[in-house]
Amino acid sequence: MFILFVPIYLQELGSTPQNTGLILGLFGASMAISHLPAGYLADRFGRVPLLRLAWVMGVLATSFMALSNHLVTFVIGNLIYSLTVFVSAP
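Remember, predicted model here, so these are calculated numbers, not experimental data.

Undergrad: Would you mind going over the nonpolar core in detail, with residue names and values included?
TA: Nonpolar side chains tend toward joint burial in soluble globular proteins. Counting residues in each nonpolar core, the largest one holds seven residues, listed as Val6, Leu10, Ile23, Met65, Leu71, Phe74 and Val75. Counting residues per element, the ones that place at least two in this core are α1 (6-12) and α5 (71-82). With three residues, α5 is the largest single contributor of residues to this core. Ranked by size, the runner-up nonpolar core spans six residues in total, among them Ala42, Leu50, Ala54 and Met57.

Undergrad: Quick rundown of the side chain of asparagine 78? Include the residues and the values.
TA: The topology assignment puts asparagine 78 in helix α5. When its relative accessible area of 1% is taken as the criterion, asparagine 78 is described as buried. Other than its neighbours up to four places away in sequence, asparagine 78 contacts Val6, Ile23, Phe27 and Met65.

Undergrad: Describe the packing of aromatic side chains, with residues and values.
TA: Within this structure, the stated rule accounts for one aromatic pair. With a centroid separation of 6.0 Å and an interplanar angle of 65 degrees, the aromatic rings of tyrosine 9 and phenylalanine 74 are classed as edge-to-face. Placement of tyrosine 9 in helix α1 and of phenylalanine 74 in helix α5 is noted, with a sequence separation of 65 residues between them. Overall, the relative accessible area of 6% leaves phenylalanine 74 in the buried class.

Undergrad: So what's going on with helix α4 (residues 47-67)? Which residues, and what values?
TA: With 21 residues, α4 extends 30 Å from end C-alpha to end C-alpha; this agrees with the ideal 30 Å at 1.5 Å per step. Along α4, the residues classified as buried are Leu50, Ala54, Met57, Gly58, Ala61 and Met65. The arc that holds the buried residues of α4, viewed along the axis, is 110 degrees, so those residues lie on one side. Structural note: α4 exposes Arg52, Trp55, Leu60, Ala66 and Leu67 on the side pointing more than 90 degrees away from its buried face. Of the surrounding elements, those touching the buried residues of α4 are α3 (38-45) and α5.

Rules and cut-offs
Residues numbered from 1 in each chain as written. Predicted model: local features only at pLDDT ≥ 70, side-chain atom pairs only at ≥ 80, totals over all residues. Heavy atoms only, no water. Core = buried A, V, L, I, M, F, W, Y, C linked by side-chain atoms within 4.5 Å. Buried < 20%, exposed > 50% of the residue type's maximum accessible area, 1.4 Å probe, protein only. Helix = DSSP H or I, 4+ residues; strand = E, 2+ residues; numbered from the N terminus. Contact = heavy atoms within 4.5 Å. Phe/Tyr/Trp six-rings, centres within 6.5 Å; stacked < 30°, edge-to-face > 60°. Expected span 1.5 Å × (residues − 1). Arc of directions from axis to C-beta.

As structure tokens, then:
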């Protein structure tokens, strides 16, 4: 749900409107790409381990974003967080 506030944080960290659009596009692309292996991994390892992995990744990514003081580190945390959407497929 905090995706609604990401552009505000990006602006506060010095992002231009063009960079904000690019970053949000990368966010969407990484969410789309993460679905590709999700079904295979769910069949191979089960759904519960994937849910746990996504939870841990989400906590680490949001902690990374919360502690970042620079645009680059915030974007890296944001992209890591976007990879957690893979659990919606299984």
